[in-house]
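Breakdown of the fold
The lines below spell out each chain.
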Amino acid sequence: MKRKVVLILAIVCLVSLLIVPGLAGCTKRENILKVLSVAEYIDPEQITAFEKYYKEITGEKITVKYQEADTNELMYAKIATKNSDYDILCPSDYMVERMYKENLLLDLAEDLGENVEDYRKNVSSFITDENGLFASISSKYSCAYMWGTMGIVYNRGKIPTSEISSQGWGALWNSKYSGKIQMKDSVRDSYAAASLYTYKNTASAHYDATMTIAQALNATNDSQLEIVKKMLIAQSPYVYGYEVDEGKTDIVLGKTDLLLQWSGDAVYTLSEEHMDECGKYPDLAYYVPEEGANVWCDYWVIPAYAGNKRAADLWINFMCSDEAAIANMDFIGYTSAIASQATFDYAIDYADYMEDGVSIDEDRYTHVDLSYFFSTIEEAKTPVFTDIVQFPSKNIVDRCAVMVDYGDKNETIQNLWYAVKSNAQ
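An account of the accompanying structure is given in this report.

Here is what the cut-offs are and how they apply
- Residues numbered from 1 in each chain as written.
- Predicted model: local features only at pLDDT ≥ 70, side-chain atom pairs only at ≥ 80, totals over all residues.
- Heavy atoms only, no water.
- Phe/Tyr/Trp six-rings, centres within 6.5 Å; stacked < 30°, edge-to-face > 60°.
- Helix = DSSP H or I, 4+ residues; strand = E, 2+ residues; numbered from the N terminus.
- Buried < 20%, exposed > 50% of the residue type's maximum accessible area, 1.4 Å probe, protein only.
- Lys NZ or Arg CZ within 6 Å of the ring centre and 35° of its normal.
- Pairing = 2+ DSSP bridges.
- Contact = heavy atoms within 4.5 Å.
- Axes fitted to C-alpha atoms, helices over the stretch in contact; angles between N-to-C directions.
- Core = buried A, V, L, I, M, F, W, Y, C linked by side-chain atoms within 4.5 Å.

1. Observations regarding the packing of aromatic side chains
Tallying each qualifying case throughout the model produces 22 aromatic pairs. With 5.9 Å between their ring centres and 70° between their planes, Tyr191 and Tyr406 make a pair best called edge-to-face. Remark: Tyr406 occurs in the loop between β15 (400-401) and α17 (410-424) and Tyr191 occurs in helix α7 (residues 187-200); sequence separation between them is 215 residues. Tyr406 matches Tyr191 in its accessibility class, with the two residues each being buried. Taking 4.9 Å as the distance between ring centres and 80° as the angle between the ring planes, the aromatic pair formed by Phe373 and Phe374 counts as edge-to-face. Connected via pairs of aromatic rings, a cluster forms that spans Tyr41, Phe50, Tyr53, Tyr54, Tyr145, Trp296, Trp300, Trp315, Phe318 and Tyr334. In this structure, Lys34 packs its charged tip against the face of Tyr86, placed 5.3 Å from the ring centre. Residue placement shows Arg188 over the ring face of Tyr406; its charged tip is 3.5 Å from the ring centre.

Dropping the structure here:
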């Protein structure tokens, strides 16, 4: 009789798992950590390093299953509509806000356990400040990973810096560069550029001096939506293509001359090593338009259907360590949210390289006040020589704003993007 009961329970458990993917009660997930992030957003060696760290902390083995999603919206769909049991996600600020509103996130552990050093405390106050740019995102349920700006990568050999700076975002709408403009296949990023161009660029017929950068970036009333939709459709004949990842190579290969780009991928695109691989040496630069831009932050979060929360909390902590932060920055080109002495030293290491007499790109390398970010580092109180693409100056950050969740306008804007893409095909 007992055997029959056990067999029935086992069958019920198996059927439950097939019906409810997030149910963890009948399966052993303590040896697996499922991570969902975007492509090329981590040094692969840090996955192995975490598995070693986890063994040292817990005495148990862990296997990380790392998967990729092209956009925030696809990441959202995984957990919002399918209840997928990922343990860790890496969405952007506005998507973290949306996920939290929809009860899709768990709170992070306040106490990581005895003898576990909490590296999360080293996240810059620039990001965690309750009155700062990212105030809408709480460290209660998220931990900052990488941050940066949105701007334009351009070919200086064909388009002078003065020409770009005089146009700002309008350069992406200039028929003069038709067929050489590449946009993001991401509704939020392309919409943001169009919205800023429409409302803050004096060359635009819809210029509105009364709007703040944040208001222009996040404009969603019906009349504004219609204007931005028309602007994106009008731009589409000039666009070489809409991309998420391949654009950083296309511009090096000379397929395009203008690229809407995140600062971290701009670092990759501008690197001499990458140019060597492609056999091309275009004169590329990165520009954050004066009329305003997006400053963003990507976060580690734990979704509500996580099957291994303990491992997820330790993953987040490990990724905040100096070793992981520096290795990931060095590998992907993005800027870590960690503001420790070690990451500050990394930011100024290029100065030592410059002492060898290497010619410098003054549009990229200059003396910058980084005290706004490294507020606890004494050396940061005076300007330091660094790469302002990876470590933007406060002047650049001050003309930026953060994307917010569009709330009940999310579906409308997604439909807008379908209309733009359909027109482009």
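2. As for the sheet that holds strand β1 (residues 32-37)
Ordered in space as β2-β1-β3, the three strands form an open sheet in which the pairing is parallel. This sheet does not close on itself; its edge strands, each paired only once, are β2 (63-68) and β3 (88-89). Sheet topology places β1 next to β2; six bridges connect them, and they run parallel. Its bridge partner lying in β2, Leu33 is registered against Val64. Running at roughly 150° to β2, helix α2 (residues 44-58) makes contact with β1 and β2 of the sheet.

3. Remarks on the pairing of strand β7 (residues 239-243)
Of all five residues in β7, four are buried; the element is thus mostly enclosed. Taken together, the four bridges between strand β6 (residues 181-184) and β7 define a ladder with parallel strand orientation. Across the sheet, residue Lys184 finds its bridge partner in β7, namely Glu243.

4. Regarding unusual backbone geometry
Despite not being glycine, Glu40 shows a phi value in the positive range, around 50°. For Glu40, the location among the structural elements is in the loop between β1 and α2. Owing to a relative accessible area of 44%, Glu40 belongs among the partly exposed residues under this scheme. Here Asn115, not a glycine, exhibits a phi torsion of approximately 65°, which is positive. Relative to the assigned elements, Asn115 resides in the loop between β4 (105-106) and α5 (125-128). Given the relative accessible area of 73%, Asn115 is considered exposed.

5. Quick look at the nonpolar core
If you look at the biggest cluster of nonpolar residues, it comprises 138 residues, and the most contacted ones within it are Leu33, Phe50, Ile127, Trp169, Leu258 and Trp315. The element best represented in this core is strand β5 (residues 143-155), accounting for nine residues. Those residues in contact with Ile127 that lie beyond four places of it in its chain are Phe134, Ala144, Trp147, Cys297, Tyr299, Ala337 and Phe373.

6. What about the environment of Tyr177?
If you trace the backbone, Tyr177 turns up in the loop between α6 (161-167) and β6. The residues touching Tyr177, leaving out its near neighbours within four places in the chain, are Ile159, Glu163, Gln167, Ala171, Tyr238 and Leu258.

7. Some thoughts on the pairing of β5
Working note: regular strand, side chains alternate between the two faces of the sheet. For β5, a buried count of 13 out of 13 residues is recorded, marking the element as mostly surrounded by other parts of the structure. Direction of pairing for β5 relative to strand β10 (residues 293-300): antiparallel, over a ladder of six bridges. Within the sheet, the bridge partner assigned to Met146 lies in β10 and is Asp298. Relative to strand β12 (residues 335-336), β5 runs antiparallel, the two being bridged by two bridges. Looking across to β12, one finds that Met146 is bridged to Ser336. As paired elements, β5 and strand β8 (residues 258-262) share five bridges and run antiparallel to each other. Following the sheet pairing, Val153 is matched in β8 by Leu259. In this sheet, strand β9 (residues 284-287) lies alongside β5 in antiparallel orientation, the contact comprising four bridges. Within the sheet, the bridge partner assigned to Ile152 lies in β9 and is Tyr287.

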